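Close look at the chain arrangement
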Amino acid sequence: MGDNFQLPSPAPAQAQEPQQNPTPQNATLLQAFEWYTPPDHAHFLRLSSQIPQLSQHGISSLWIPPSCRATSPQSNGYDIYDLYDLGEFDQKGSVATKWGTKAQLLELARKGKEYGVGLYWDAVLNHRFGADHRERCKAVEVDANDRRVRVSGEYEIDAWVGFDFPGRGDQESTMKYHWYHFSGVDFNADDPGKAGTIYQILGEQSQGWAKSPEDVDGEKGNYDYLMGCDVDYSHPEVVDDVLNWGRWLAKEVSIKGIRFDAVKHFSESFLKKFVKMLDGEFGEGWFLVGEFWKDSLQSMTDYLDRMDHKFSLFDAPLVYNFGEISTSVSADLRKVFDDTLVQKAPVCAVTLVQNHDTQPLQALHVPITPWFLPLGYALILIREAGYPCIFYGDLYGLCTPTSDNPSPTRPTSGPVTIIPKLLLARKLYAYGPQTDYFDYPTCIGWVRHGTWDKKDKCAVVMSNAGEGWKWMFVGVECAGQQWTDVLEWRKEVVTIGENGWAEFRCGGCSVSVWVWEGAKGRDEFETQFDFDIYAASTAK
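The shown structure was predicted, so the numbers you read here are calculated from the model rather than taken from an experiment.

Quick notes on the rules
Residues numbered from 1 in each chain as written. Predicted model: local features only at pLDDT ≥ 70, side-chain atom pairs only at ≥ 80, totals over all residues. Heavy atoms only, no water. Pairing = 2+ DSSP bridges. Helix = DSSP H or I, 4+ residues; strand = E, 2+ residues; numbered from the N terminus. Domains from an automatic or database assignment. Contact = heavy atoms within 4.5 Å. Salt bridge = Lys/Arg side-chain N within 4 Å of Asp/Glu carboxyl O. Polar contact = N/O pair within 3.5 Å; in protein donor to acceptor, adjacent residues only side chain to side chain. Expected span 1.5 Å × (residues − 1). Buried < 20%, exposed > 50% of the residue type's maximum accessible area, 1.4 Å probe, protein only. 1 Å grid on protein atoms, 1.4 Å probe; cavity = no way out; pocket = protein on both sides within 12 Å on 5 of 7 lines; lining within 4 Å. Points joined across faces, edges and corners; volume = space filled by probe spheres on them. Nonpolar A, V, L, I, M, F, W, Y, C, P; charged D, E, K, R; others polar. Core = buried A, V, L, I, M, F, W, Y, C linked by side-chain atoms within 4.5 Å. Phe/Tyr/Trp six-rings, centres within 6.5 Å; stacked < 30°, edge-to-face > 60°. Lys NZ or Arg CZ within 6 Å of the ring centre and 35° of its normal.

This brings us to the sheet that holds strand S25 (residues 494-495). Read from one edge of the open sheet, six strands run S20-S21-S22-S27-S24-S25, paired in antiparallel fashion. Edge positions in the sheet fall to strand S20 (434-437) and S25, since each of these pairs with one other strand and no more. Examined bridge by bridge, strand S24 (residues 482-485) and strand S27 (residues 510-516) share three bridges and lie antiparallel to one another. Counterpart to Trp483 in the pairing with S27 is Trp516.

Have a look at this one:
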């Protein structure tokens, strides 16, 4: 993350002394895409145009979409074909990926560095798609619900498992992939009518599935196989090639971290080697987060233990809590953090409200009613614990397809327009010790008390029912100050009492963030955020 930003710490704030180092600015992550971002090869240009205002609002890093070559120019990149092609070679129908060219990617990295905004790579290492030719190999069919159970004898199949990368040739890597570099597939050209059947590849050079639960998740008996051609990390050639790719990427693109896709499904032991390689050859300090999407806190904490807590995970249980509260009548807000990763292991928790997998029309969709989104973002942005991740679709709007408009090029739903102000509140005032007022089921509040050098405080109150209010202590040193809601949803002025207490209010099913009128940075809330990111799509 560098020296200018801090990731949250679960430790109680210590008494600050004047000789201590300045308090770093809070770190905030933006997932910089949504599933239905238009496939116009201009997204890197769009993001580059937004870097200045994102930095101004406190965004310290962008999680960019999978930027390696996929099977088509319209693909989001999770159907990965070639790790070493970042939009440089004419493969699979174009030079550019869905997101743009390698040159545009490097310009985005340069622009981010200029404004102090780092890039996190979305690494898809579990599987490959779009093979260049078929190869014959021995395999056995397995039960889709328990991959340890064979449901056929051994026989030969004709599988799409040959990867030659003809458009790239031997540039960057001479490695070609064959049947013995994969542990499973779901298609046999000899019997196309059985598409979707899971075939475990057998042979002297294939070790079968990774061990479960030691090396992959134990769901479905063994969850090594997810989709496509399942990469076999027991093969030394695979290990060497993907480690080499990691070295190459770290040198080629100025990135600050990596989001690993589908970590439940590929070798933990390999991932440890990958992390050790990065630390040993490029220095520690990388931010590494895994997509371990499971509504099981125990499974998540067990995984973190096995990864020696050098890893973070997205807080899936928190998202499910948000969904349940937002779709229930007068749910108990005091329980919003129950059984969540941010409660159990805050240093390892990336908190979020939505992402590309949980947005509408996706398989993991979690319904969250629109009125709750500001509350959800306040709960991840203004609190002490967790590393918050803002969803692109909430900041800029979603281009959700409909029957009348199957390929929208503009958002079909508007942005959550309060997010920029919440971002500024985090950047300016969400520091220091936190006092919670979680004493009523449908109305909660908390105070952030500031640090020795970031003295300005904030008081947050929210309700998921009618109008809410809380008596909260902000400090006797604030006596007589006049505080207002930086979100501008409440218009009254609150005067802090001589004893440092005051009553703070919010509207029904709403949230307010109260700050002293004389606090440093209040003028930044007058800046108008430009939500129309698609106006930057003129050049390709």
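Let us keep going from here.
Moving on to the domain arrangement of the protein chain. Domain boundaries in the protein chain define domain 1 (34-125 + 237-427) and domain 2 (432-526). The gap between the C-alpha centroids of domain 1 and domain 2 is 31 Å. Facing the 22 residues of domain 1 at the interface are 28 residues of domain 2. For the pair domain 1 and domain 2, the number of links is three salt bridges. Here Asp436 makes a salt bridge to Arg383, at a shortest N to O gap of 3.0 Å. Our count for the contact surface shared by domain 1 and domain 2 stands at nine residue pairs in polar contact (both at pLDDT 80 or more). At the level of secondary structure, the elements contributing two or more residues to the side of domain 1 that touches domain 2 comprise helix H8 (373-381) and helix H10 (419-429).

With that settled, consider helix H2 (residues 102-115). Between its first and last C-alpha, H2 extends 20 Å over 14 residues, near the 20 Å set by a 1.5 Å rise per residue. Restricting attention to buried positions, one finds in H2 the residues Lys102, Gln104, Leu105, Leu108, Ala109, Lys111 and Gly112. Positive backbone phi, approximately 75°, marks Gly116, located one or two places after H2.

Another aspect to go through is empty space enclosed by the protein. For the structure shown, the criterion picks out two cavities of 30 Å³ or more. What lines the largest cavity is Asp82, Leu83, Tyr84, Arg128, Phe165, Arg168, Ser173, Met175, Tyr177 and Asp241. Here the residues of the lining of the largest cavity are counted per class, giving five nonpolar, one polar and four charged. One number sums up the size of the second largest cavity: a volume of about 30 Å³. Around the second largest cavity, the lining residues are Pro66, Cys68, Ala70, Ser72, Ser75, Gly77, Thr97, Lys98 and Trp99. Within the lining of the second largest cavity, the residues separate by chemical class into four nonpolar, four polar and one charged.

Ranked by size, the top nonpolar core spans 145 residues in total, and within it Leu62, Trp121, Leu125, Trp245, Phe260, Phe274 and Phe311 carry the most contacts. For this core, the element with the most residues is helix H3 (residues 236-252), which contributes eight residues. A domain-level breakdown of this core finds at least three residues from each of domain 1 (34-125 + 237-427) and domain 2 (432-526). If we skip the residues at most four places from it in the chain, Trp245 touches Cys68, Leu83, Tyr84, Trp121, Ala123, Leu125 and Phe274.

Looking now at the packing of aromatic side chains. Counted according to the given criterion, the structure contains 34 aromatic pairs. With centroids separated by 5.6 Å and ring planes inclined at 90°, the aromatic side chains of Phe260 and Phe274 adopt a geometry described as edge-to-face. Here Phe260, found in strand S15 (residues 257-260), pairs with Phe274, found in helix H4 (residues 268-282); they are 14 residues apart in sequence, far enough to count as distant. Side by side, Phe260 and Phe274 carry an identical accessibility label, which is buried. Among the aromatic residues, those joined into a cluster by ring pairs are Tyr233, Trp245, Phe260, Phe266, Phe270, Phe274, Phe292, Tyr303 and Phe311. In this structure, Arg128 is placed above the aromatic ring of Tyr177, and the distance from its NZ or CZ to the ring centre is 4.6 Å.

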